[in-house]
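# Working through the structure, step by step
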There are 4 protein chains.
Amino acid sequence: MTTANTHWVLTLVCKDQPGIVHAISGAIVAANGNITESSQFTSDDTGRFFMRLQIESAVPREHFVNQILPVAERYGMTWELDEVGRRMKTLVLVSKSAHCLNDMLFRQRAGQLPVELPVVFGNHPDLQSLAEFYGVPFEVHPITGEADKLAFENMLRDYIKTAGIELIVLARYMQILSEEFCKEFEGKIINIHHSFLPGFKGANPYAQAHARGVKLIGATAHFVTADLDEGPIIEQNVVRVEHSDSKKRLVSIGQDVESKTLTQAVRWFAERRVLLDGERTIIFS
Amino acid sequence: MTTANTHWVLTLVCKDQPGIVHAISGAIVAANGNITESSQFTSDDTGRFFMRLQIESAVPREHFVNQILPVAERYGMTWELDEVGRRMKTLVLVSKSAHCLNDMLFRQRAGQLPVELPVVFGNHPDLQSLAEFYGVPFEVHPITGEADKLAFENMLRDYIKTAGIELIVLARYMQILSEEFCKEFEGKIINIHHSFLPGFKGANPYAQAHARGVKLIGATAHFVTADLDEGPIIEQNVVRVEHSDSKKRLVSIGQDVESKTLTQAVRWFAERRVLLDGERTIIFS
Amino acid sequence: MTTANTHWVLTLVCKDQPGIVHAISGAIVAANGNITESSQFTSDDTGRFFMRLQIESAVPREHFVNQILPVAERYGMTWELDEVGRRMKTLVLVSKSAHCLNDMLFRQRAGQLPVELPVVFGNHPDLQSLAEFYGVPFEVHPITGEADKLAFENMLRDYIKTAGIELIVLARYMQILSEEFCKEFEGKIINIHHSFLPGFKGANPYAQAHARGVKLIGATAHFVTADLDEGPIIEQNVVRVEHSDSKKRLVSIGQDVESKTLTQAVRWFAERRVLLDGERTIIFS
Amino acid sequence: MTTANTHWVLTLVCKDQPGIVHAISGAIVAANGNITESSQFTSDDTGRFFMRLQIESAVPREHFVNQILPVAERYGMTWELDEVGRRMKTLVLVSKSAHCLNDMLFRQRAGQLPVELPVVFGNHPDLQSLAEFYGVPFEVHPITGEADKLAFENMLRDYIKTAGIELIVLARYMQILSEEFCKEFEGKIINIHHSFLPGFKGANPYAQAHARGVKLIGATAHFVTADLDEGPIIEQNVVRVEHSDSKKRLVSIGQDVESKTLTQAVRWFAERRVLLDGERTIIFS
């Protein structure tokens with residue numbers, strides 16, 4: 001190994017078939033790479049093979065890619081090669097609730113969340129000072145009707161392209177994105193649902209949880225699809241509650257679970273640990 | 001205090017109003033009682049007041065009751081006085097799955113579950129030897145049609161009355177009890193639902209959980225009402241699962257959660273820690 | 001009940017003896033109070049009786065106190081009467097780590113932590129902008145020797161008295177307070193220990209945890225006594241770790257547990273839910 | 001692939017070096033094997049590489065071994081090849097407490113724990129009927145002095161050899177095995193420690209936990225070494241307790257954690273998911 005060692009993360013998906021690991025590890029050997037982390041999974045449901053590798057190698061990216069390309073072609077692989085620790089360009093949409101945004105901002109500054117936030121968009125101005133305290137520009141885009149929403153989504157499309165946004169996070173963003181937008185960015189939008197899924201849907205799940213007297217409340221981070229609250233689940237957490245917890249206290253408890261769950265999902269995504277297998281996610285944590 | 005001290009548990013429910021605690025504690029003082037444990041709760045939803053007390057006292061039961069009666073009348077209380085640690089007469093219904101029954105039998109023998117099981121009824125013979133190993137008689141009551149079910153329920157009614165059964169536990173009993181039976185014994189039948197409620201309903205929740213790719217699976221112990229899977233929740237637990245867990249493994253993981261959750265609910269009920277507040281339960285744990 | 005209803009929290013401790021509840025509830029009835037929350041505990045270890053009550057009442061404080069005083073005298077009670085929700089004056093000491101301070105500041109602003117922070121003192125300037133973003137003045141008090149420490153503690157004593165500080169929180173404050181200071185404010189200083197107690201003591205517990213290959217790491221919030229890391233425990237949490245988690249990742253995971261645990265302990269203290277029973281704490285959560 | 005497909009589990013350990021995965025996957029391809037599960041880890045502490053693979057292959061064992069041998073030799077690997085699901089021959093030692101033995105017996109019968117128990121040895125007769133209910137012979141070996149212990153250990157040595165015992169489980173066995181015995185079977189003996197390690201050591205940790213007022217109690221399954229309670233940790237769990245939990249209740253709560261933790265450790269070992277890395281364990285769960 002020579003001087004300028006780079007740490008790569010390689011993810012790949014293809015139809016399950018014998019010899020994949022041998023072929024891909026051959027390409028890595030040929031690139032003088034050393035595998036430092038490896039996870040794989042074969043889905044019985046879809047017959048697909050999933051792999052995530054971390055590789056230390058001193059060769060330039062093109063050289064590495066040249067070794068992978070023929071293998072990927074032979075096995076019909078979808079694949080991506082990235083640098084470990086690169087901060088993924090992430091666009092965060094918010095409304096008024098601060099807890100999820102605060103958690104993400106704090107952790108990315110603390111070096112625990114490999115994302116770069118070029119901007120935060122809010123349909124209300126409430127979280128402007130919080131974003132700016134962490135040095136992130138904040139833009140208010142109020143939405144009061146369908147026309148606003150279409151204009152906002154068109155602006156978003158432009159911005160995503162121009163700024164090279166790789167991930168969109170709905171951090172308690174209380175607007176519903178259009179079906180077209182959700183489809184266009186499928187697998188790139190993560191939402192935090194303030195309930196354990198399957199669970200209470202629609203408005204005010206904490207009131208429903210209280211009425212039903214549940215003993216645990218939870219939150220679910222999931223990919224957004226056109227079917228509201230039904231995209232592939234990335235992470236879930238629950239916390240115990242008691243009969244004496246008021247609706248207000250449930251909301252407060254719930255917010256902790258929400259921010260923890262969303263940040264975890266974003267971290268996994270940014271580290272390329274989340275792969276899609278139909279309606280399910282593979283998490284190589 | 002004299003020699004033969006008894007440890008009592010007193011539970012009471014009434015409309016919330018000033019002076020309840022003072023009145024009831026006055027009755028206890030008059031009976032030379034000492035409060036060793038006390039829990040109370042006022043429900044904002046129903047305006048009802050709930051209390052559970054443990055009291056050491058050397059006076060005979062009648063004497064104690066004589067002190068409580070006028071207070072209970074004045075405040076319109078529903079109340080019960082029992083001995084701490086008395087084993088509650090419990091009827092367990094099972095089918096083929098052993099895990100819940102095994103957990104209950106093991107714990108009642110170990111002195112951790114204050115129930116007395118005069119018999120176990122199964123619609124299959126599979127669990128006979130397990131029950132008998134713990135010295136509990138087992139009766140097989142196969143059910144192959146509506147006629148069988150009605151006859152079985154009539155027999156149950158007789159048995160419950162004759163044997164003085166105070167609690168009926170459905171320990172993975174795969175038959176649905178009739179609406180009439182459920183109504184007749186409302187608040188006396190505990191079921192274990194092999195899912196986190198609200199959640200996957202109907203058959204095979206573990207297959208549904210797998211298909212949906214959930215990251216946590218759970219179980220819910222609840223009172224049985226005429227509305228299947230919808231009675232007041234007593235206890236819930238979840239456990240983390242991964243994309244690589246097969247359906248078979250989910251079932252195995254789920255069984256642990258089921259037996260733990262059911263036994264906990266039965267223990268609380270037998271210790272008179274579960275009170276009903278409309279659709280919710282108050283748990284004085 | 002008249003117009004200006006106040007919500008009181010009453011805590012009391014005395015030798016266990018019959019009639020306490022009746023006597024205190026009598027005082028509450030005489031003050032036209034209505035008990036909305038009540039917890040009690042009798043310690044087998046020390047024979048002491050602990051009680052915490054929340055009471056709604058429209059009478060002025062003096063009137064209330066006049067009812068309680070003779071009861072308190074008769075039973076030899078130590079007691080305190082406060083208003084529910086009053087923000088407790090809290091002094092936070094920090095060094096360089098932001099996670100605990102950030103969590104406390106965020107939650108007190110969100111209305112989830114009833115404390116008022118008149119100032120934050122740090123022995124380093126690193127957290128100045130964070131405190132000031134939340135509108136809390138920050139003072140740097142560097143400590144490089146014993147003389148600095150004594151001067152600082154003397155200044156603290158003055159400040160605590162002048163400002164009416166009720167609680168001191170060591171939010172990852174890396175200086176050791178003197179034995180005298182700890183004794184003087186016993187039961188008023190809460191520290192977060194970055195390990196599960198009993199556990200790894202001394203420096204760098206995460207490195208020790210890694211070396212030992214533990215499967216769970218934790219944090220402990222405890223009262224500070226002259227005996228370092230050995231005061232009564234208020235709250236503990238753990239989180240699962242894996243063989244593949246690096247020391248750096250353990251630190252990051254541990255910080256979440258630390259801030260969550262410390263904030264919980266502070267919340268309980270500020271709500272007067274923490275009572276001391278010798279070396280143990282009673283938590284009326 | 002032909003008819004008689006076998007599912008193999010291959011574990012291997014060697015010095016970390018480039019090309020390992022390519023070489024071993026080449027051997028698998030040459031044996032017409034298909035990798036269905038794969039985990040690997042490189043230890044920064046010891047510089048060793050650990051791998052566990054599950055492989056479906058129709059070739060006979062010798063053929064498979066012939067492919068692996070030259071690779072293993074080239075890279076200096078320690079390795080084992082076993083059949084997935086084969087029941088590992090396990091010897092259980094007990095005293096009087098039933099909870100751990102009951103859990104293991106129940107689960108191995110339920111098909112959730114791939115062990116075969118040819119016998120259970122107890123130094124007391126208390127658990128004889130439990131073992132025999134599950135069809136496992138039970139032998140009483142009372143130990144009242146050093147001579148007894150030596151004789152018992154010599155008998156054990158013979159039995160382990162004759163019966164082909166692969167794992168020894170101390171399921172709350174209250175005797176201390178000799179240093180020689182522990183060394184001889186290092187990495188083959190699993191003990192359940194009734195405390196969270198590092199934690200309360202020596203006798204009666206639950207009483208210590210109570211005295212110290214901890215808010216969580218736990219259990220640790222670990223390999224037995226000559227240094228009592230200090231072998232590599234395999235699994236740990238904790239559960240929340242409260243100030244009102246008596247010592248008796250702590251014991252009962254603790255027993256649940258103990259049996260769950262021990263059974264989990266035994267399952268991982270029997271599935272060859274536990275590898276040793278100095279003082280730490282690698283768990284490929």
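Fair warning: this is a prediction, and the values are worked out from it, not measured in the lab.

The residue asparagine 32 of chain C is not glycine, and still its phi comes out positive at about 55°. When you line up the elements, asparagine 32 of chain C lands in the loop between helix H1 (20-30) and strand S2 (34-42). Accessibility expressed as a relative area gives 55% for asparagine 32 of chain C, which makes it exposed. Backbone geometry at arginine 172 of chain D places phi at a positive 60°, although glycine is not the residue there.

Residues and elements named next belong to chain A. When the domains of chain A are assigned, the result is domain 1 (6-83) and domain 2 (88-283). Relative placement of domain 1 and domain 2: their C-alpha centres are 31 Å apart. Counting from both sides, the interface comprises 15 residues of domain 1 and, opposite them, eight residues of domain 2. Together, Phe50, Arg52 and Asp82 form the three largest contributors to the area buried by domain 1 at its contact with domain 2, with a combined 39%. Summed over the shared surface of domain 1 and domain 2, the result is four salt bridges. Where glutamate 80 meets arginine 272, a salt bridge forms, and the shortest distance between an N and an O atom there is 3.4 Å. The tally of links from domain 1 across to domain 2 stands at eight residue pairs in polar contact (both at pLDDT 80 or more).

As a further point, take the interface of chain A and chain B. Between chain A and chain B, the residue contacts involve 33 residues of the former and 33 residues of the latter. Overall, the association of chain A and chain B removes approximately 2900 Å² of surface from exposure, summing both partners, and the carbon and sulfur fraction of that is 52%. Contact with chain B buries area across many residues of chain A, yet Arg212, Lys215 and His243 of chain A alone supply 26% of it, more than any other trio. Where chain A touches chain B, the interface holds two salt bridges. In this structure, the salt-bridge partner of arginine 240 of chain A is glutamate 235 of chain B, at a minimum N-O distance of 2.9 Å. No other element matches the seven residues that strand S12 (residues 233-240) of chain A contributes to the side of chain A that touches chain B. A breakdown of the residues in the side of chain A that touches chain B according to their chemical character gives 14 nonpolar, nine polar and 10 charged.

Residues and elements named next belong to chain C. Buried residues dominate strand S5 (residues 88-94), accounting for six of its seven residues. Pairing analysis gives two bridges linking S5 to strand S6 (residues 115-116), with the strands arranged parallel. Bridge pairing links methionine 88 to valine 115 in S6. Between the parallel elements S5 and S6, the chain passes through helix H3 (residues 99-109) in a crossover that is right-handed. Two elements, S5 and strand S7 (residues 120-122), share three bridges in a ladder whose sense is parallel. By the bridge assignment for S7, leucine 93 is matched with phenylalanine 121.

Residue and element names in this part refer to chain C. The geometry of helix H7 (residues 205-212) relative to helix H8 (residues 247-270) is characterised by a closest axis approach of 9 Å and an angle of 120° between their N-to-C directions. One element, H7, and the other, H8, form an angle in the oblique class. Once H7 is placed against H8, the crossing between them reads as right-handed. On H8, the residues that touch Tyr206, Ala207 and His210 of H7 are Lys247, Leu250, Val251, Gly254, Gln255 and Glu258. Residues of the contact of H7 with H8, tallied by class, amount to four nonpolar, three polar and two charged.

Among all positions of helix H7 (residues 205-212) of chain D, only Pro205, Tyr206, Ala209, His210 and Arg212 of chain D are buried. Against the buried residues of H7 of chain D lie strand S12 (233-240) and strand S14 (280-283) of chain C together with strand S11 (216-223) and helix H8 (247-270) of chain D. Following H7 of chain D by one or two positions, glycine 213 of chain D has its phi on the positive side, about 70°.

We now examine the relation of the copies chain A and chain B. When chain A is fitted to chain B, the residual RMSD is 0.0 Å, and the transformation amounts to a turn of 180° plus an axial shift of 0.0 Å. In short, the pair behaves as if placed about a two-fold rotation axis. The overlap is high: 100% of the interface residues of chain A also sit at the interface in chain B, so the same surface is used on both sides.

Moving on to the interface of chain D and chain B. The partner chain B presents 17 residues to the 17 residues of chain D that form the contact. Carbon and sulfur atoms supply 43% of the area buried between chain D and chain B, which totals about 1400 Å² over both sides. Ranking the residues of chain D by area buried against chain B places Phe106, Gln112 and Phe133 of chain D at the top, with a combined share of 34%. On the surface where chain D and chain B come into contact, there are two salt bridges.

Now for the relation of the copies chain D and chain B. Laying chain D over chain B is done by rotating through 180° and shifting 0.0 Å along the axis; what remains is an RMSD of 0.0 Å. Looking at the interface residues of chain D, 100% of them are also at the interface in chain B, so both copies use one shared face.

As a further point, take the pairing of strand S11 (residues 216-223) of chain B. All names here are of chain B. Burial of S11 is extensive: eight of the eight residues sit out of reach of the surface. Where burial is concerned, the two faces of S11 agree: the one with Leu216, Gly218, Thr220 and His222 and the one with Ile217, Ala219, Ala221 and Phe223 are both buried. Taken together, the four bridges between strand S10 (residues 189-193) and S11 define a ladder with antiparallel strand orientation. When the sheet's bridge partners are listed, asparagine 191 is paired in S11 with histidine 222. Across seven bridges, S11 lies against strand S12 (residues 233-240) in antiparallel orientation. Among the inter-strand pairings, threonine 220 is bridged to a residue of S12, identified as glutamine 236.

UniProt's feature table lists "domain: ACT" (unreviewed entry) at residues 9-96 of chain A, given in the numbering used throughout. Overall, residues 9-96 of chain A shows 30% helix and 44% strand. The separation of its end C-alpha atoms is 36 Å.

The next subject is the pattern of salt bridges. If you walk through the whole model with that rule in mind, you get 68 salt bridges over all chains. A salt bridge links aspartate 103 of chain B to arginine 107 of chain B, with the shortest nitrogen-to-oxygen separation between them at 3.1 Å. Within this pair, aspartate 103 of chain B and its partner arginine 107 of chain B are both found in helix H3 (residues 99-109), separated by four residues, close to a single helical turn. The class of arginine 107 of chain B is buried, set by a relative accessible area of 14%. A salt bridge links arginine 280 of chain C to aspartate 45 of chain C; the nearest nitrogen and oxygen atoms lie 3.5 Å apart. Placement of the pair is arginine 280 of chain C in strand S14 and aspartate 45 of chain C in the loop between S2 and strand S3 (48-57), with a sequence separation of 235 residues. Overall, the relative accessible area of 7% leaves arginine 280 of chain C in the buried class. Among the residues examined, aspartate 45 of chain C registers a relative accessible area of 42% and is labelled partly exposed. Bridged by salt links that share partners, the residues Glu37, Arg52, Arg267, Glu271 and Arg273 of chain A form one connected network.

With that settled, the discussion passes to the packing of aromatic side chains. Taken as a whole and assessed by the stated rule, the structure comprises 30 aromatic pairs over all chains. Look at phenylalanine 133 of chain B and phenylalanine 133 of chain D: their rings are 4.4 Å apart centre to centre, the planes differ by 15°, and that puts the pair in the stacked class. On the criterion of chain membership, the pair formed by phenylalanine 133 of chain B in helix H4 (residues 128-133) and phenylalanine 133 of chain D in helix H4 (residues 128-133) is interchain, its members lying in two chains. Centroid distance phenylalanine 133 of chain D to tyrosine 134 of chain D: 5.0 Å. Interplanar angle 75°. Geometry classified as edge-to-face. The pair formed by phenylalanine 133 of chain D and tyrosine 134 of chain D is uniform in burial state, with each residue classed as buried.

With that settled, consider the side chain of lysine 215 of chain D. Tracing the backbone shows lysine 215 of chain D in the loop between H7 and S11. Buried lysine 215 of chain D, no salt bridge; nearest opposite-charge side chain is glutamate 235 of chain C, N-O distance 6.9 Å. Setting aside residues up to four positions removed in sequence, lysine 215 of chain D forms contacts with Ile233, Ile234, Glu235, Gln236, Thr281 and Ile283 of chain C together with Val239, Arg240 and Val241 of chain D.

To continue, consider the side chain of aspartate 277 of chain B. All names here are of chain B. Relative to the helices and strands, aspartate 277 resides in strand S13 (residues 274-277). Among buried charged residues, aspartate 277 stands out as having no salt bridge; its nearest opposite-charge side chain is arginine 48, 4.4 Å away. For aspartate 277, the side chain forms a polar contact with the side chain of serine 43, separated by 2.7 Å. Of note is the side chain of aspartate 277, whose polar atom sits 2.5 Å from the side chain of threonine 46. Beyond its immediate sequence surroundings of up to four residues, aspartate 277 is in contact with Ser43, Thr46, Arg48, Phe50 and Ile282.

What counts and how
- Residues numbered from 1 in each chain as written.
- Chains lettered and ligands numbered in written order.
- Predicted model: local features only at pLDDT ≥ 70, side-chain atom pairs only at ≥ 80, totals over all residues.
- Heavy atoms only, no water.
- Helix = DSSP H or I, 4+ residues; strand = E, 2+ residues; numbered from the N terminus.
- Buried < 20%, exposed > 50% of the residue type's maximum accessible area, 1.4 Å probe, protein only.
- Domains from an automatic or database assignment.
- Contact = heavy atoms within 4.5 Å.
- Buried area = accessible area lost by both parts, 1.4 Å probe.
- Salt bridge = Lys/Arg side-chain N within 4 Å of Asp/Glu carboxyl O.
- Polar contact = N/O pair within 3.5 Å; in protein donor to acceptor, adjacent residues only side chain to side chain.
- Nonpolar A, V, L, I, M, F, W, Y, C, P; charged D, E, K, R; others polar.
- Pairing = 2+ DSSP bridges.
- Right-handed = clockwise from strand over helix to strand, strands pointing away.
- Axes fitted to C-alpha atoms, helices over the stretch in contact; angles between N-to-C directions.
- Parallel < 35°, antiparallel > 145°, perpendicular 65-115°, else oblique.
- Left-handed = near helix turned anticlockwise from the far one by under 90°.
- Least-squares fit on C-alpha atoms with pLDDT ≥ 70 in both.
- UniProt positions renumbered as here; feature names shortened; annotations may be inferred.
- Phe/Tyr/Trp six-rings, centres within 6.5 Å; stacked < 30°, edge-to-face > 60°.
- Lys, Arg positive; Asp, Glu negative; His and termini not counted.

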